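# A structural walkthrough
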Amino acid sequence: MAPLTWFGLGGPAKFYVTPRDVPQLQAIVARLRENEIPIHVLGSGANLLVHDEGVDGAVVCLNTPEFKKAEIGSEKSKTTVSAGAGKDVQKLVLECTHAGLSGLECLAGIPGSVGGEVKMNAGGAFGDIGSAVETVTVMDTNGSVYVRQKEDLLFEYRHSNISAKFILGATFTLAEDDPQRVMNKVKEIWMYKKNSQPLADKSAGCVFKNPRGLSAGALIDQSGLKGQTVGGAEISSKHANFITAKKGSKAADVLALIDLAKTRVKEKFDVELQTEVVIW
């Protein structure tokens, strides 16, 4: 799994499957269900840490062309954008920018695919993806496909009420704007992240959710852990809510730093940190 995650860490999956379309996905899920094989859904691996021992069960990755399609504009609305779950969000942001559509530029510099980012309501100081979502197409483990409408969706901080196993795609409602103005905003957000986060290093983005009214990075920094290392993993000296993995790192090193940060922050501030990164 290491080559499939941004950390570059993790042991093997028992099964790895890349369905080419929805009917094939339905057939695969039916077979896995019949054989009682656990299912793990993989996006771009940007917010994921896989144990060194690997994953028991099947990893299903929607990274084939059918799930990467995006369509900007429709007969009904020029400002509607539809994208498959496997669509790279950074590419989608740029495509919308060039089309003069505003509403997703807040995601500049946040790696991931549409499915994963909608599921966790990815975002940051400049906004989140949920604010632009109009519909989400999902599939459960029985193979039933249905569309969740905006009024039925709830997006909160790094959380959505989407419980279906698979997100197949989403539509977004954006606003027409001057392409150059949107591009300037994208560049501004990108530069802010580049200057404040270790974007050039292997990491999974922010490791912990921010406690209400507080900054997880600041709490870890004030606990004296910036630059702390275990094996080849390090709590970033640039942003303490990032753990970076250098050559020779193991997932166990990252997990040790996660536990250390949780323990120190609890001892010093009596605050329980919750992981934002998904751990398999």
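Right, let's walk through the structure included here. The numbers attached to residues start from 1 for each chain and follow its sequence in the written order. Totals for whole chains, interfaces and linings use every residue, but because this is a predicted model, local features are given only for residues with pLDDT of at least 70 and side-chain atom pairs only at 80 or more, for both listing and counting. Hydrogens and waters are ignored; side-chain quantities use all the structure's heavy atoms.

### A closer look at the pairing of strand E4 (residues 55-61)
Using a 1.4 Å probe on the protein chains alone, a residue whose accessible area is under 20% of its type maximum counts as buried, one over 50% counts as exposed, and one in between counts as partly exposed. Secondary structure counts use DSSP, requiring at least four H or I residues in a row for a helix and at least two E residues in a row for a strand, with both numbered from the N terminus. Burial runs high along E4: six of the seven residues are buried. Both strand E2 (residues 39-42) and E4 contribute to a ladder of four bridges, which runs parallel. Within E4, the position partnered with Leu42 by the bridge is Cys61. Only strands that DSSP links by at least two bridges are regarded as paired with each other.

### Re the packing of aromatic side chains
Between the rings of Phe, Tyr and Trp (Trp by its six-membered ring), a pair exists once the centres lie within 6.5 Å; its type follows the angle of the planes, with under 30 degrees stacked, over 60 edge-to-face, and the other angles tilted. Within the structure shown, the criterion is met by one aromatic pair. Plain terms: the ring middles of Phe126 and Tyr192 are 5.4 Å apart, the flat faces sit at 80° to each other, and that makes the pair edge-to-face. With Phe126 in the loop between strand E8 (123-124) and strand E9 (127-128) and Tyr192 in helix H4 (residues 179-196), the pair connects residues that are 66 residues apart, well separated along the chain. Judged by relative accessible area, Phe126 falls into the partly exposed class, the value being 31%. Owing to a relative accessible area of 46%, Tyr192 belongs among the partly exposed residues under this scheme.

### Quick look at the packing of helix H2 (residues 89-98) against H4
The interhelical angle for the contact between H2 and H4, taken along N-to-C directions, is 150°, at an axis separation of 8 Å. In terms of orientation, H2 lies roughly antiparallel with respect to H4. Facing H2, whose interface residues are Val93, Leu94, Thr97 and His98, H4 presents Pro179, Val182, Met183 and Val186. For this classification, Asp, Glu, Lys and Arg are treated as charged, while Ala, Val, Leu, Ile, Met, Phe, Trp, Tyr, Cys and Pro are nonpolar and the rest, including Gly, are polar. Along the lines of polarity and charge, the residues of the contact of H2 with H4 split into six nonpolar, two polar and no charged. The convention used is that axes are lines fitted to C-alpha atoms, helices contributing only their stretch in contact, and that angles between N-to-C directions extend from 0 to 180 degrees. Convention used here: angles under 35 degrees read as roughly parallel, angles over 145 as roughly antiparallel, angles from 65 to 115 as roughly perpendicular, and any remaining angle as oblique. We call two residues in contact when some of their heavy atoms are within 4.5 Å.

### Observations concerning the nonpolar core
Leu104, Val118, Val136 and Phe172 are the most contacted members of the largest nonpolar core, which has 30 residues in total. For this core, the secondary structure elements donating two or more residues are strand E6 (80-84), H2, helix H3 (114-120), strand E10 (133-139), strand E14 (166-173) and H4. For this core, the leading source of residues is H2, giving four residues. Setting aside residues up to four positions removed in sequence, Val118 forms contacts with Ile129, Val133, Val136, Phe155, Ser160, Ile162, Ile167, Ala170 and Phe172. Here, nonpolar core means buried Ala, Val, Leu, Ile, Met, Phe, Trp, Tyr and Cys residues that are tied together by side-chain atoms lying within 4.5 Å of each other. Membership of the second largest hydrophobic core comes to 25 residues, among which are Phe7, Leu225, Val254 and Leu255.

### Details of the environment of Lys246
Position of Lys246 relative to the elements: it lies in the loop between strand E18 (243-245) and helix H6 (251-269). Since its relative accessible area comes to 46%, Lys246 is described here as partly exposed. Sequence separation between Lys246 and Lys202 is 44 residues, and the spatial gap between their C-alpha atoms is 7.1 Å. Beyond its immediate stretch of four places on either side in the chain, Lys246 contacts Gly232 and Glu234.

### Side note on the sheet that holds strand E17 (residues 233-235)
The strand order E16-E17-E18 describes an open sheet built from three strands, whose pairing is antiparallel. Whereas interior strands pair on both sides, the edge strands pair on one side only; in this sheet they are strand E16 (229-230) and E18. Running at roughly 25° to E17, H6 makes contact with E16, E17 and E18 of the sheet.

### Points about the pattern of salt bridges
Salt bridge, as used here, is a side-chain nitrogen of Lys or Arg placed within 4 Å of a carboxyl oxygen of Asp or Glu. Under the defined criterion, the tally for this structure stands at nine salt bridges. Two residues, Glu95 and Lys87, come together in a salt bridge whose shortest N-O distance is 2.8 Å. When its relative accessible area of 10% is taken as the criterion, Lys87 is described as buried. In this structure, Lys246 and Glu234 form a salt bridge, with 3.1 Å as the shortest nitrogen-oxygen distance. Of this pair, Lys246 sits in the loop between E18 and H6 while Glu234 sits in strand E17, placing them twelve residues apart in sequence. Taking relative accessible area as the criterion, Glu234 reaches 19% and is therefore assigned buried.

### A short note on unusual backbone geometry
Its identity is not glycine, yet Asn121 carries a phi of approximately 50°, on the positive side. If you trace the backbone, Asn121 turns up in the loop between H3 and E8. At Arg158, a residue that is not glycine, the phi angle is positive and equals roughly 50°. For Arg158, the location among the structural elements is in the loop between strand E12 (155-156) and strand E13 (159-160).

### A few points about H2
Each turn of an α-helix holds 3.6 residues, which means side chains three or four residues apart point in the same direction. Of all the residues in H2, the buried ones are Val89, Leu92, Val93, Cys96 and Thr97. One side of H2 carries all its buried residues, which in axial view fall inside an arc of 135°. Opposite the buried face of H2, at more than 90 degrees from it, the exposed residues are Lys91 and His98. Backbone nitrogen of Gln90 and a side-chain oxygen of the N-cap are separated by 3.0 Å at the start of H2; the cap is Asp88. Positive backbone phi, approximately 75°, marks Gly100, located one or two places after H2. The arc in question is formed by the directions pointing from the helix axis toward the C-beta atoms. Here a polar contact is taken to be a pair of N or O atoms separated by no more than 3.5 Å, where protein atoms must pair a possible hydrogen donor with a possible acceptor and residues adjacent in sequence count only if both atoms sit in side chains.

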